[in-house]
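Each chain, letter by letter, is given below.
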Amino acid sequence: MKQFPLFRQKYVTESEVVDYLLTIDPALKAFYDVYQDLLDAFENGKAQQFFAIIDQLSPLLEELFKKILTSSPKVP
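Just so it is clear, the structure is predicted and the values come from calculations on it, not from any experiment.

Peer 1: How do you make sense of the overall build of the protein chain when you look at a structure like this?
Peer 2: Scanning the protein chain from N- to C-terminus turns up 4 helices and 2 strands. In the protein chain, the succession of α and β elements from N to C terminus is β-β-α-α-α-α. Counting only residues that meet the buried cut, the protein chain has 16% of its 76 residues in that class. Nonlocal contacts in the protein chain, meaning residues at least 24 apart in sequence, comprise 23% of its contacts between residues at least 6 apart. Split by element, the accessible area of the protein chain, about 6400 Å² in all, is 59% carbon and sulfur.

Written as structure tokens, this is what we have:
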């Protein structure tokens, strides 16, 4: 198991580093949660759930992030 030194030589796992960082900033946690939910829906072929997540984005997310998620890609 890979571990990382953090705060006075205490070793923590990758998961513990992520969990700690997510406690620091509510906006970062909101981004991360949306990303994880979208990833899960995509990987499991749940298109309806995927687009429902996009349609119900948290108010904690920045407008630019919302715009990127809701914009259609340009087809050449």
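Peer 1: What's the story with helix α2 (residues 26-43) in this structure? I'm lost.
Peer 2: Residues three or four positions apart in an α-helix share a direction because the helix packs 3.6 residues into each turn. Between the first and last C-alpha of α2 there are 26 Å, a value that for 18 residues agrees with the 26 Å anticipated at 1.5 Å per step. Inspection of α2 places A30, V34, L38 and A41 among the buried residues, and these make up the whole buried set. Buried residues of α2, viewed axially, fall in a sector of 65°; they line one side. Structurally, α2 contributes buried residues whose contacts are with α3 (47-55) and α4 (63-70). For α2, the capping residue at the N-terminal end is D25, with a side-chain oxygen 3.1 Å from the backbone nitrogen of A27.

Peer 1: In this structure, what is going on with the nonpolar core? I would like to understand it.
Peer 2: Within soluble globular proteins, side chains that are nonpolar tend to cluster in buried spots. Core analysis: the biggest nonpolar cluster contains 8 residues, these being A30, V34, L38, A41, I53, I54, L57 and L61. Secondary-structure elements contributing two or more residues to this core are α2 and α3. A total of 4 residues in this core trace back to one element, the largest contributor, which is α2.

Peer 1: What's the story with the pattern of salt bridges in this structure? I'm lost.
Peer 2: Note on pairing: side chains with opposite charge can pair once their charged atoms come close. Taken as a whole and judged by the stated rule, the model has 2 salt bridges. Between D33 and K29 there is a salt bridge, and its shortest N-O distance comes to 3.0 Å. Linking D33 with K29, this pair stays in helix α2, spanning 4 residues, or about one helical turn. Taking the shortest distance from any N to any O, the salt bridge between E63 and K66 comes out at 3.5 Å. With E63 and K66 both in helix α4, this residue pair falls 3 residues apart, about one helical turn. Residue classification places K66 among the buried positions, given a relative accessible area of 16%.

About the criteria used
- Residues numbered from 1 in each chain as written.
- Predicted model: local features only at pLDDT ≥ 70, side-chain atom pairs only at ≥ 80, totals over all residues.
- Heavy atoms only, no water.
- Helix = DSSP H or I, 4+ residues; strand = E, 2+ residues; numbered from the N terminus.
- Buried < 20%, exposed > 50% of the residue type's maximum accessible area, 1.4 Å probe, protein only.
- Contact = heavy atoms within 4.5 Å.
- Areas by Shrake-Rupley, 256 points an atom, 1.4 Å probe, with all protein chains shown as cover.
- Expected span 1.5 Å × (residues − 1).
- Arc of directions from axis to C-beta.
- Polar contact = N/O pair within 3.5 Å; in protein donor to acceptor, adjacent residues only side chain to side chain.
- Core = buried A, V, L, I, M, F, W, Y, C linked by side-chain atoms within 4.5 Å.
- Salt bridge = Lys/Arg side-chain N within 4 Å of Asp/Glu carboxyl O.

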